[in-house]
Amino acid sequence: MNVPRLRIRNSRDLASENVNAEPLTQMKAMKLLYYIQGAYLSKYNTRLFDSSILAWKYGPVVKKVYDKYKGKRSIVDDCTLDDINDYWRLENDKKAKDILNKIYVVLGPYSASTLMKKTHRETPWLSTPQSCEISDAKIKAYFVSQGFNNQLDKEFKKNLFEETFLENKSSMDWLKDR
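Residue numbers restart at each chain and count upward from 1, following the sequence in its written direction. Local features in this predicted model are restricted to residues whose pLDDT is 70 or higher, and side-chain atom pairs enter the listing and the counts only when it is 80 or higher, whereas totals over whole chains, interfaces and linings include all residues. To get the side-chain values, take all heavy atoms of the structure and skip hydrogens and water.

Caption draft 1: Representation of the side chain of Thr-25 within the structure. Examined against the element boundaries, Thr-25 turns out to sit in the loop between helix H1 (3–15) and helix H2 (26–44). With near-sequence residues (within four places) excluded, Thr-25 lies in contact with Arg-73, Ser-74, Ile-75 and Ala-112. Each helix is a run of DSSP H or I of at least 4 residues and each strand a run of E of at least 2, with the numbering of both proceeding from the N terminus. By definition in these notes, contact holds between two residues if any of their heavy atoms fall within 4.5 Å.

The following block contains the structure:
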């Protein structure tokens, strides 16, 4: 599953100087997993992870992940050796790494609540009875029809440009004053 990768990335963000970083919650992880699966299905015509996604009251849910973290708000705790191995396995899978990085950079900054509201406006969740599985076909069709991967690529590039600009702004200001 991709949750250990999300947890490790989030731990790195929390340890960094990013003042906007906040601990990963179970709810946010669920929504990110939905978008990861949708992007992967629409781009590669196959699932990235085996678990089904269910349409629950608060949006898409991966039951296996819900069961593992049930009762916990923040799910950033000590990472096990298995978590680290899973992180590196995905880091070495070019297709998975591409999707995971883009989703994390583009959608990771949003709150769990914002992501939930976003999923509540989308056809796969809207058209699936509560507590039932959202079919891969629905997810893929929606993500393809919305041009999700093209939008994701554009937002990812924009975020990288802005990040690079901000990192270099102080140097540019210093040079300007010389």
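Once you've had a look at it, read on.
Caption draft 2: Focus on the pattern of salt bridges. Salt bridge, as used here: a side-chain nitrogen of Lys or Arg that lies within 4 Å of a carboxyl oxygen of Asp or Glu. Counting across every chain of the model gives eleven salt bridges. Notably, a salt bridge pairs Asp-83 with Arg-7, separated by 2.8 Å at the nearest N-O pair. Here the residue Asp-83 occupies a position in helix H4 (residues 81–91), and Arg-7 occupies one in helix H1, the gap between them amounting to 76 residues. Look at Asp-83 and you get buried, because its relative accessible area is 6%. Among the salt bridges present, the one from Arg-47 reaches Glu-133, with a minimum N-O distance of 3.6 Å. Residue Arg-47 is found in the loop between H2 and strand E1 (53–56), and its partner Glu-133 is found in strand E3 (residues 133–134); the two are separated by 86 residues along the sequence. Relative accessible area serves as the criterion here: at 42%, Glu-133 is assigned to the partly exposed category. Only protein chains enter the accessibility calculation, which uses a 1.4 Å probe; a residue is then buried when its area is under 20% of its type maximum, exposed when over 50%, and partly exposed in between.

Caption draft 3: Representation of the side chain of Lys-102. Looking at the element boundaries, Lys-102 is found in helix H5 (residues 94–107). In contact with Lys-102, not counting residues within four places along its chain, are Lys-43, Leu-107, Leu-152, Asp-153 and Phe-156.

Caption draft 4: The arrangement of the sheet that holds strand E2 (residues 59–61) in detail. At least two bridges found by DSSP between two strands are what make those strands a pair. Judged by pairing direction, the sheet is antiparallel, and its three strands sit side by side in the order E2-E1-E3 without closing on themselves. Only two strands of the sheet have a single partner each, and these edge strands are E2 and E3. Summarising the sheet, E1 and E3 pair through two bridges and their orientation is antiparallel. Paired with Leu-54 across the two strands is Glu-133, which belongs to E3.

Caption draft 5: View of H5. One less than the number of residues in a helix, times 1.5 Å, gives the span that helix is expected to have. For H5, which comprises 14 residues, the first-to-last C-alpha distance of 20 Å matches the rise-based estimate of 20 Å (1.5 Å per residue) to within 8%. Buried residues dominate H5, accounting for ten of its 14 residues. Between a side-chain oxygen at the N-terminus of H5 and the backbone nitrogen of Lys-95 the separation is 3.2 Å; the capping residue is Asp-93. Counting of polar contacts relies on pairs of N or O atoms within 3.5 Å, with two restrictions inside protein: one atom must be capable of donating a hydrogen and the other of accepting it, and residues adjacent in sequence are counted only when both atoms are side-chain atoms.

Caption draft 6: Summary view of the environment of Lys-57. Structurally, Lys-57 can be placed in the loop between E1 and E2. Excluding residues that lie within four positions of it along the chain, Lys-57 makes contacts with His-120, Trp-125 and Gln-130.

Caption draft 7: The nonpolar core, seen in detail. Buried residues of nine kinds, namely Ala, Val, Leu, Ile, Met, Phe, Trp, Tyr and Cys, make up a nonpolar core once their side-chain atoms join them within 4.5 Å. Counting 40 residues, the largest nonpolar core has Leu-6, Leu-33, Tyr-35, Ile-36, Ile-103, Leu-107 and Phe-148 as its most contacted members. Mapped by element, the contributors of at least two residues to this core are H1, H2, E1, helix H3 (63–69), H5, helix H8 (136–145) and helix H9 (148–176). Looking at this core, the element that brings in the most residues is H2, giving ten residues.

Caption draft 8: Up close: H2. The end-to-end C-alpha distance of H2 is 26 Å, a good match for the 27 Å that 19 residues give at a rise of 1.5 Å each. Where burial is concerned, most of H2 is hidden: 16 out of the 19 residues are buried. Phi turns positive, to about 60 degrees, at Asn-45, one or two residues after H2.

Caption draft 9: The packing of aromatic side chains, seen in detail. For Phe, Tyr and Trp, where Trp contributes only its six-membered ring, two rings pair if their centres lie within 6.5 Å, and the inter-plane angle classes them as stacked under 30 degrees, edge-to-face over 60, or tilted in between. Inspection of every chain in the model, using the stated rule, returns nine aromatic pairs. Geometrically, the ring pair formed by Tyr-35 and Phe-148 is stacked, given 5.9 Å between the ring centres and 15 degrees between the ring planes. Here Tyr-35, found in helix H2, pairs with Phe-148, found in helix H9; they are 113 residues apart in sequence, far enough to count as distant. The same class applies to Tyr-35 and to Phe-148, which are both buried. Taken together, the ring pairs connect Tyr-34, Tyr-35, Tyr-142, Phe-143 and Phe-148 into an aromatic cluster.

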